[in-house]
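Given next are the chains, with one letter for each unit.
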Amino acid sequence: MKYILCLLVLLECQCLTGQSEELYQEIDKIIRYDTEITYPLEKSFIVGIIYEDTTYIVNFGPTHIDTFDLFEVGGLTKVFTSILATKLASNELIDLDAPINHYLPTQWKNKNLSQYTVSDLMMHQIKFPKRPSDLSRKEYNISNPYAYYTKVDLLTYYSTFQEPLMGGWLNKTVDYSHINYALLEVIIEQKMKMPLEDLFQLYLFQELGMLQTSLDFTKEALAMGFDRSNMIPEPWEYASFAGSEGLITCMYDLLKFVKLSMESPEDYILTSQQIKEDSKITRNLYHTGTWYIMKSRKAGDIYTHSGVTERHKAYVHFKKDSKTGVVILCQSSIGVENLGLLILRMINNNWKK
């Protein structure tokens, strides 16, 4: 059935072209001379490149990866959870400016965080640690961190959390915490009275044509993956944090999504790309609540995000003004460093395009 679907989609959409040998050679040079990636390549990865109206697929490593092979994308999930929340807000189904506590049952409200809104979660404005400090209490398998940490555990942690005391400019910096989007998942489900998976499919993925993207695939459906010790870990399971790190998707769907993001056909897509107040992280790095934007005088605006699990790593980078983008899916959690940005620079003629 999968192969029939793939054939039908490929016949309908002529965006995917064959692997370009010339492009392969150019990327191979980048790998050898501009990165610390070592040869021979032990783990495979697939590179998808959008150049205006043309899409190229290039494989590296010992194993061929198909455009419909399924990968965990880890923190890249946040992009889609944020866009879902933005769309629900545009349809007046949720208020992103409402306090977090407004959407939580009484026993889980936190008076210490009463000033924070749903939008603040999306912007990583609360000074949460990267993961809950009590996660290890339920981390029975260190390679599967969220399998037993329930949403009740998460809400208990939130209800008693106190921000660390910091002064000056540190109070205005944007942190990165998986907790923000785990809570956003709970809030969306509470408000909509529907599981996040159903909301993704109903409000987002069907409309975007991302038919191979879901929180709900069997372990056997996923591409092979390796951890840093060259072992084959089990795919992650989620008693909570699925809205932060739980999506599974493929190269075909991600390339379609990046093209749509550059064409910006919908208001909610445009809104998710806009820089907001106090979103500056460093001199040249901003956060929109969905994407990170790297700004420079030479390169312009580069939209970027990535994600990693115990067995896979994913990268997305694109430039709207030149209609160019790069997606990389890796068969290992080690990843490929900044290769995607180097490829994006190459196809933009060293930022002269």
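Our structure's up above, just so we're on the same page.
So, here's what we can say about the structure. (Residues numbered from 1 in each chain as written. Predicted model: local features only at pLDDT ≥ 70, side-chain atom pairs only at ≥ 80, totals over all residues. Heavy atoms only, no water.)

## Things to note about the overall build of the chain
Then, in step 1: From N to C terminus, the chain includes 11 helices and 10 strands.
Then, in step 2: Relative to the 2.2 N^0.38 estimate, which gives 20 Å for 353 residues, the radius of gyration of the chain is 20 Å and therefore close to what a compact globule would have.
Then, in step 3: Projected onto its principal axes, the C-alpha coordinates of the chain cover approximately 60 × 45 × 40 Å.
Then, in step 4: Going through the 353 residues of the chain one by one, you find that 56% of them count as buried.
Then, in step 5: Summarising the internal contacts of the chain: among those between residues at least 6 apart in sequence, 68% fall at separations of at least 24.
Then, in step 6: For the chain, the accessible area works out to roughly 16300 Å², and carbon and sulfur atoms hold 51% of it. (Helix = DSSP H or I, 4+ residues; strand = E, 2+ residues; numbered from the N terminus. Rg over C-alpha atoms; globule rule 2.2 N^0.38 Å. Buried < 20%, exposed > 50% of the residue type's maximum accessible area, 1.4 Å probe, protein only. Contact = heavy atoms within 4.5 Å. Areas by Shrake-Rupley, 256 points an atom, 1.4 Å probe, with all protein chains shown as cover.)

## Considerations on the sheet that holds strand β7 (residues 292-296)
Then, in step 1: An order of β2-β1-β10-β9-β8-β7-β6-β5 is seen for the 8 strands of this open sheet, with the pairing classed as antiparallel. Sheet topology places β2 (54-60) and β5 (280-282) at the edges, where each strand pairs with a single neighbour. Averaged over all pairs of adjacent strands, the angle between their axes in this sheet comes to 20°, without regard to strand direction.
Then, in step 2: Sheet strands in contact with helix α11 (residues 339-347) are β1 (45-51), β7, β8 (300-308), β9 (313-319) and β10 (324-330), and its direction is about 150° off that of β10. (Pairing = 2+ DSSP bridges. Axes fitted to C-alpha atoms, helices over the stretch in contact; angles between N-to-C directions.)

## Details of the packing of helix α5 (residues 151-160) against helix α6 (residues 178-192)
Then, in step 1: Two numbers describe how α5 lies on α6: the axes approach to 11 Å, and their chain directions differ by 115°. The orientation of α5 relative to α6 falls into the category roughly perpendicular. Handedness of the crossing formed by α5 with α6: left-handed. Taking contact as the criterion, the partners of K151, L154, L155, Y157 and Y158 in α5 are, on α6, I179, A182, L183, E185, V186 and E189.
Then, in step 2: Split by residue class, the contact of α5 with α6 holds 8 nonpolar, no polar and 3 charged. (Parallel < 35°, antiparallel > 145°, perpendicular 65-115°, else oblique. Left-handed = near helix turned anticlockwise from the far one by under 90°. Nonpolar A, V, L, I, M, F, W, Y, C, P; charged D, E, K, R; others polar.)

## Some remarks on the pattern of salt bridges
When the charged atoms of two side chains lie near each other, side chains of opposite charge can form a pair.
Then, in step 1: The tally for this structure, following the rule as stated, stands at 12 salt bridges.
Then, in step 2: E26 is the partner of K29 in a salt bridge, and the nearest nitrogen-oxygen pair spans 3.5 Å. Here E26 and K29 lie together in helix α2 (residues 21-34), a separation of 3 residues that amounts to about one turn.
Then, in step 3: Using a relative accessible area of 44% as the deciding quantity, one classes K29 as partly exposed.
Then, in step 4: Between R137 and D134 there is a salt bridge whose closest N-O contact spans 3.5 Å. (Salt bridge = Lys/Arg side-chain N within 4 Å of Asp/Glu carboxyl O.)

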